[in-house]
Amino acid sequence: MNIHEYQARELFEKFGVATSKGSVASSPEEAFAAAKGLGAAKMVVKVQIHAGGRGKGTFTNGFKGGVRLVNSPQEAREVAAKMLGQTIVTHQTGPDGKLVSKVLVAEAIDIARELYFAILLDRASSAPIVIASTEGGMDIEHVAEHTPDKIFREAIHSLLGLQPHQSRKLARQLGLSGPLISQAVKLFGAMFKLFAARDCSLIEVNPLVVTPDGRLVALDAKFNFDDNALHRQPDVVSMRDKSEEDPREVAASAFDLNYIGLAGNIACLVNGAGLAMATMDIIQYAGGRPANFLDVGGGASKEQVAAAFKIILGDPKVTGILVNIFGGIMDCDVIAHGILAAAKETHLSIPLVVRLEGNNVEAGKKTLAESGLPIITGNDIADAAHKIVAAVKKAA
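Residues numbered from 1 in each chain as written. Predicted model: local features only at pLDDT ≥ 70, side-chain atom pairs only at ≥ 80, totals over all residues. Heavy atoms only, no water.

Peer 1: Would you mind going over empty space enclosed by the protein in detail, with residue names and values included?
Peer 2: Evaluation of the coordinates by the stated rule reveals one cavity of 30 Å³ or more. Each pocket or cavity is described by its volume, and for the largest cavity that value is around 30 Å³. Top element by residues in the lining of the largest cavity is helix α1 (residues 5-15). It accounts for four residues. Classifying every residue of the lining of the largest cavity gives five nonpolar, one polar and three charged. (1 Å grid on protein atoms, 1.4 Å probe; cavity = no way out; pocket = protein on both sides within 12 Å on 5 of 7 lines; lining within 4 Å. Points joined across faces, edges and corners; volume = space filled by probe spheres on them. Helix = DSSP H or I, 4+ residues; strand = E, 2+ residues; numbered from the N terminus. Nonpolar A, V, L, I, M, F, W, Y, C, P; charged D, E, K, R; others polar.)

Put into structure tokens, the structure is as follows:
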């Protein structure tokens, strides 16, 4: 789950992380009031979408830049009017862009230096780690590729947390000195408390800035949260903006299904993330293009399978479906009944290939065979992939 920048600032303020003043606006008049309340000589108006590259984005109405400096409340209102209700396209949104429903109006901060600071989970050690760099304001992947010596890492003990001596070490590596080191220790410590208390999987501050008057300020932030811990984070869940998510993914999450839409035309319904990845790969190898990643999990019910079919068929690009189930925990016959119920309810009219293996597989195959529906059976994963690609081409 992701949150907006203005929500990240709210969390920063709650946990004592130094950031700039600002407030969110949903209309030009609210933007005017927010700017007037700041009383700053210079302000910045920033679109609030779940995508990067906003500053270089272009609106479909021709207005350029989703991050604009303004010098008065009147100018903030004018800029907000050109952003709100409009669609912005950035390198991360894709060609369809994102509809802007909110903007952040914040005080503009003079910048002397830009740094990078992030806390994330290191999967190798199963513990948090800090990644910091003197090259703020840039993609960290670009820094890692071209100047890896400018990236610093500090492992965090899972029980002890980030220690002050580690923060001082990082501060010095970032070229900070004097009072800035004390500010860094406070800011880094507050950041880790936030990371742990809200079950984050990532907090990325880019840039973390040093101002000309000697302040250390978190200027922009990206948050990711552990979805498996959201049941104990009601405050975080309340920040979810479903309008920023793919409607199919929202519908899938309501049934505890994992769905990611892709650009192809052959839909996949699979149990297990690894099997899903393998299925998408072999569809590609057979000459097709996967339309989605849909993992129904290890113990899906008949109702979940039926819901998965409806979500798949909500994509107009889908011209064929491949079901690839390995029944370890799952009962293949339950899956078969779910497939039949979904096929009848949705009046399925596109090719469907089903490959079942594992627990109660013979009963599952018998259920499908006796259904009277034109379901194609796959003997193994490769056979199923080639059959669905051939069936889609034939039906075209």
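That shown, we press on.
Peer 1: So what about the packing of helix α9 (residues 273-285) against helix α13 (residues 381-395)? Which residues, and what values?
Peer 2: Running from N to C, α9 and α13 cross one another at 50°; their axes reach a closest spacing of 9 Å. Taken together, α9 and α13 sit at an angle that is classed as oblique. Our pair here, α9 against α13, has a crossing hand that is right-handed. Here α9 contributes L275, A278, T279, I282 and I283 to the contact with α13, which in turn contributes I381, A382, A385 and V389. Looking at side-chain class alone, the contact of α9 with α13 contains eight nonpolar, one polar and no charged residues. (Axes fitted to C-alpha atoms, helices over the stretch in contact; angles between N-to-C directions. Parallel < 35°, antiparallel > 145°, perpendicular 65-115°, else oblique. Left-handed = near helix turned anticlockwise from the far one by under 90°. Contact = heavy atoms within 4.5 Å.)

Peer 1: Could you give me a rundown of the pattern of salt bridges, with the residues and numbers involved?
Peer 2: Evaluation of the coordinates by the stated rule reveals 16 salt bridges. Between D213 and R215 there is a salt bridge, and its shortest N-O distance comes to 3.4 Å. Since its relative accessible area comes to 37%, R215 is described here as partly exposed. Taken together, the shared-partner salt bridges in this structure form one network comprising E5, R9, K46, R54 and D220. (Salt bridge = Lys/Arg side-chain N within 4 Å of Asp/Glu carboxyl O. Buried < 20%, exposed > 50% of the residue type's maximum accessible area, 1.4 Å probe, protein only.)

Peer 1: Before we move on, could you go through the packing of aromatic side chains and cite the residues and values that matter?
Peer 2: Tallied over the full model, the rule gives five aromatic pairs. Ring centres of F59 and F63 lie 5.7 Å apart, and the angle between their planes is 45°; this geometry places the pair in the tilted category. Just as F59 is buried, F63 falls in that class too. Consider the rings of F117 and F188, whose centres lie 4.2 Å apart with planes at 10°: the pair is stacked. Here F188 lies in helix α6 (residues 179-197) and F117 lies in strand β8 (residues 113-122), a separation of 71 residues in the sequence. The pair formed by F117 and F188 is uniform in burial state, with each residue classed as buried. The ring of F32 has R77 lying over it, and the distance from NZ or CZ to the ring centre is 4.3 Å. (Phe/Tyr/Trp six-rings, centres within 6.5 Å; stacked < 30°, edge-to-face > 60°. Lys NZ or Arg CZ within 6 Å of the ring centre and 35° of its normal.)

Peer 1: Tell me about the side chain of N271, residues and numbers included.
Peer 2: Inspection of the secondary structure assignment puts N271 in the loop between β15 (266-270) and α9. On the basis of relative accessible area, N271 is assigned to the buried category, the value being 10%. Within the structure, the side chain of N271 is placed 2.7 Å from the backbone oxygen of F326, a separation counted as a polar contact. Leave out the neighbours within four places in its chain, and N271 touches D295, V296, G297, N324, I325, F326 and M330. (Polar contact = N/O pair within 3.5 Å; in protein donor to acceptor, adjacent residues only side chain to side chain.)

Peer 1: Describe in detail the sheet that holds strand β4 (residues 67-70), supporting the description with residues and values.
Peer 2: In spatial order, the strands read β1-β7-β2-β4; together these four strands make up an open sheet with antiparallel pairing. Each edge of the open sheet carries a strand with a single partner, namely β1 (22-25) and β4. Direction aside, the axes of adjacent strands within the sheet are offset by 20° on average. Judged from the five bridges that link them, strand β2 (residues 43-47) and strand β7 (residues 103-107) form a sheet pairing that is antiparallel. Along β7, the bridge assignment pairs M43 with E107. Across the face of the sheet, α1 comes into contact with β1, β2 and β7 while running at roughly 50° to β7. Where helix α3 (residues 73-83) meets the sheet, its contacts fall on β2, β4 and β7, and the angle it forms with β4 comes to roughly 160°. (Pairing = 2+ DSSP bridges.)

Peer 1: Outline the layout of surface pockets, listing residues and values.
Peer 2: As a volume, the largest pocket reaches approximately 1,600 Å³. Lining of the largest pocket is provided by 50 residues; of these, G52, G53, R54, N206 and D220 occupy positions nearest its centre. Mapped by element, the contributors of at least two residues to the lining of the largest pocket are α1, β2, β4, β7, β8, α4 (140-146), β11 (200-210) and β13 (221-225). Among the residues forming the lining of the largest pocket, the class breakdown is 22 nonpolar, 14 polar and 14 charged. For the second largest pocket, the calculated volume is near 890 Å³. Around the second largest pocket sit 19 residues that line it, and M1, D227, R240, S253 and N258 are the ones nearest its centre. Of all the elements in the fold, those that place two or more residues in the lining of the second largest pocket are α8 (247-254) and β14 (258-261).

Peer 1: Account for the sheet that holds strand β6 (residues 98-99), naming residues and giving values.
Peer 2: Taken together, the three strands give an open sheet; going across it, the order is β3-β5-β6, and neighbouring strands pair in antiparallel fashion. Of all strands in the sheet, those bounded by a partner on one side alone are β3 (58-59) and β6. Where β3 and strand β5 (residues 87-89) come together, two bridges link them in antiparallel fashion. Within β5, the position partnered with T58 by the bridge is V89.

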